[in-house]
Amino acid sequence: MGNLMIIRGSRLALAVASIGLGCAESGSSTDSVTGGASSSAGSRGAINAGGSKAGGGYTNIAGATQGSGGAGVSGTLGASGGAVSAGNGGALLSAGSTSGGASNGGASGTGGTHTGGSAGSAGSSGGAGPTLLGATPPMGWNSWNAYNCNGLNETVVKSMADAFISTGMKDAGYEYVNLDDCWMDGRDASGKLKWSASKFPSGIPALAEYIHGKGLKIGIYETPNTKTCAGLYGGYTAGVGSVGHETIDAQTFASWGIDYLKYDKCQGQLSAFAVMRDALKATGRPIFYSINPADQGPFCTPTNCSLNLPQTANMWRVGFDISAKWSEVIRLIDANKEQYAGAEPGHWNDPDMLEVGNGLNDVEGRAHFSMWAIMAAPLITGNDLTKMSAATKATLTNAEVIAVDQDPLGKQGRVVATPGTNLEVWSKELSGSNRRAVALFNRGSASASITVQWSQIGLATGAASVRDLWAAKDLGSFTDSYTASNVASHSVVMIKVVAAP
Ligand code: GLA
């Protein structure tokens, strides 16, 4: 490979440039991670330097030490990392007492092979059975995209919870308020995780109570390694991982009132994801389990992973970190588009958090949101909710588009036609009969007209009604097809098509 380094996306570019580290790229196909020193960090070119990254990465992390500590992880992944015992898919079912009945989807609770088949009837009313955790994709907010490492603190998080209420986000369905990396301060003498007292002077349990008091839920971040990602890549020495501490950490999270865990590989071992799953289950508290099972490509997806994702977690990342650029939105859509069979109630593909309101223009932000909705992706916002423009707020709270994402059938939409260069027709089957959400997606730089044929979306030829979801307008009845003319560059026309039963 000569001097070619595979670095973990742009996050490391500055670290390399400024420090001139020798980056190891062994060319091995497994992600062998040995020893702590950066020079032996393994095949994925991990660099353990304190660095900085503009835009969504590791910037200005307090206490970052350039060139400091390595991963401290040993062992070879890949060959040994894949086995996950069967029969644990039900770990993620919560024994809730809400009014909805059990999901009959089966696949989520049986630990059987994931087929991507029928999800069954979710939420039939009146039952007293368990509520499926993650029956629809999670909706919420996460601190990373806007606040990165240093900006996270209790004041910010509380202000977001307040904004959930004042902006109508909660009414629109958002419920999780999630702390990403950099909330912690190592462990105490008994091995229990400590929160950063300077960032969270009232403590995480009090914060959880505050968030719960608003009818919302709280999420937190950890890794199956000895360091968090900011610890590995940003010199955030207070960021310690959960490997070897899964039981105590899961119990700690449960005792604090945590409802959601983002568990981010950060060079940990794949097999450790099931260890945390079991530790979470053992707490008895329903904790949505969102994992990032890869460091950088090749990514670990339902179609390409030694880990059985639906038996392990409620949701899994399918691509490297997003940032607020159109090309990044496209990259993650493309990473997710072939994974549609992996989504079902209780189990979702995660193309990463939203960047709406973080620098994309309003048209692009709306397209980004539309595509996440048609992909049944998590709607985890990453912007400052206290300072949203009217356009950003209108995008994030659009009830009809959110309803596409949250449709209880739980299908992930997919490309059904590419009627021109950079033009795509996406279709998502909705609950009820003969109903489809359709995204007419113009990825290119010139406006274009895009047609969807009923035959492409599995509907009979003949008449079907069409509603424009962003315009909140019934467009009338159309025979065999619908054409949106002048679909602007980087935009989506999103419609609902309902054919006669
Ligand atoms: C990884 C994840 C990001 C974020 C950071 C925090 O890069 O992919 O979403 O959680 O770690 O360090």
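Note that the structure is predicted; figures quoted are calculated from it, not measured. Within each chain, residue numbers correspond to sequence positions counted from 1 in written order. Owing to the predicted nature of the model, reporting of local features is limited to residues with pLDDT of at least 70; listing and counting of side-chain atom pairs is limited to 80 or more, with chain, interface and lining totals taken over all residues. Calculated side-chain values reflect all of the structure's heavy atoms, with hydrogen atoms and water omitted.

### Looking at the state of the cysteines
When the sulfur atoms of two cysteines come within 2.5 Å, that pair is taken as a disulfide. Throughout the structure, instances matching the rule amount to three disulfides. The disulfide partner of Cys 229 is Cys 266, and the S-S distance across this bridge is 2.1 Å. Across the disulfide from Cys 229 to Cys 266, rotation about the S-S bond amounts to roughly -115°, and the bridge is consequently left-handed. With Cys 229 in helix H7 (residues 229-234) and Cys 266 in the loop between strand E8 (260-264) and helix H9 (272-283), this pair connects stretches of sequence that are 37 residues apart. Across a sulfur-sulfur distance of 1.7 Å, Cys 300 and Cys 305 are joined as a disulfide pair. One disulfide, between Cys 300 and Cys 305, carries an S-S torsion of -50° and so falls in the left-handed class. Disulfide partners in the protein chain, listed by the sequence order of the bonded cysteines, are 1-2, 3-4, 5-6. Here a helix means four or more residues in a row that DSSP labels H or I, a strand means two or more in a row labelled E, and each is numbered from the N terminus.

### Observations regarding the packing of helix H11 (residues 326-336) against helix H12 (residues 362-374)
Orientation of H11 relative to H12, taken along the N-to-C sense of each, is 10°, at an axis distance of 11 Å. With respect to their mutual orientation, H11 and H12 come out roughly parallel. On H12, the residues that touch Trp 326, Val 329, Leu 332 and Ile 333 of H11 are Glu 364, Ala 367, His 368, Met 371 and Trp 372. For the contact of H11 with H12, a count of residues per class yields seven nonpolar, one polar and one charged. Lines fitted to the C-alpha atoms define the axes, with helices restricted to the stretch that makes contact. Angles between their N-to-C directions range from 0 to 180 degrees. Note on angle classes: values under 35 degrees are labelled roughly parallel, values over 145 roughly antiparallel, values of 65 to 115 roughly perpendicular, and the remainder oblique. Contact criterion: two residues are considered in contact whenever any of their non-hydrogen atoms come within 4.5 Å of each other. Basically, the charged four are Asp, Glu, Lys and Arg, the nonpolar ten are Ala, Val, Leu, Ile, Met, Phe, Trp, Tyr, Cys and Pro, and anything else, Gly included, counts as polar.

### A closer look at the sheet that holds strand E18 (residues 473-479)
By this definition, two strands are paired if DSSP reports at least two bridges between them. With antiparallel pairing, the six strands of this open sheet are ordered in space as E13-E14-E15-E20-E17-E18. Strands with a single pairing partner mark the edges of an open sheet, and in this sheet they are strand E13 (414-420) and E18. The mean inter-strand angle of the sheet, taken between neighbouring strand axes irrespective of direction, is 25°. For strand E14 (residues 423-429) and strand E15 (residues 435-442), the ladder comprises seven bridges, and the chain directions are antiparallel. Bridging across to E15, Trp 426 finds its partner in Ala 439. Those strands touched by H12 are E14, E15 and strand E20 (491-499), and its axis lies near 40° from that of E20.

### Brief notes about the packing of aromatic side chains
For Phe, Tyr and Trp, rings pair up if their centres lie within 6.5 Å, where Trp contributes its six-membered ring, and each pair is then called stacked (planes under 30 degrees apart), edge-to-face (over 60) or tilted (otherwise). A complete count under the given rule lists 13 aromatic pairs for this structure. With a centroid separation of 5.6 Å and 85° between ring planes, the pair formed by Trp 183 and Trp 256 is classed as edge-to-face. One end of the pair, Trp 183, is in the loop between strand E4 (176-178) and strand E5 (184-187); the other, Trp 256, is in helix H8 (residues 246-256), and 73 residues separate them in sequence. Trp 256 shares its class with Trp 183; the two are buried. Each residue in the set Trp 183, Trp 195, Phe 253 and Trp 256 is aromatic and connected to the rest through ring pairs, giving one cluster. To sit over a ring, a charge needs its Lys NZ or Arg CZ within 6 Å of the ring centre and within 35 degrees of the ring normal. Of note, Lys 158 hangs over the ring of Tyr 210, and the distance from its end group to the ring centre comes to 4.8 Å. Over the ring of Tyr 340 we find Arg 414; its NZ or CZ atom is 5.0 Å from the centre of that ring. With a 1.4 Å probe rolled over the protein chains alone, any residue whose accessible area is under 20% of its type maximum counts as buried; one over 50% counts as exposed, and the rest are partly exposed.

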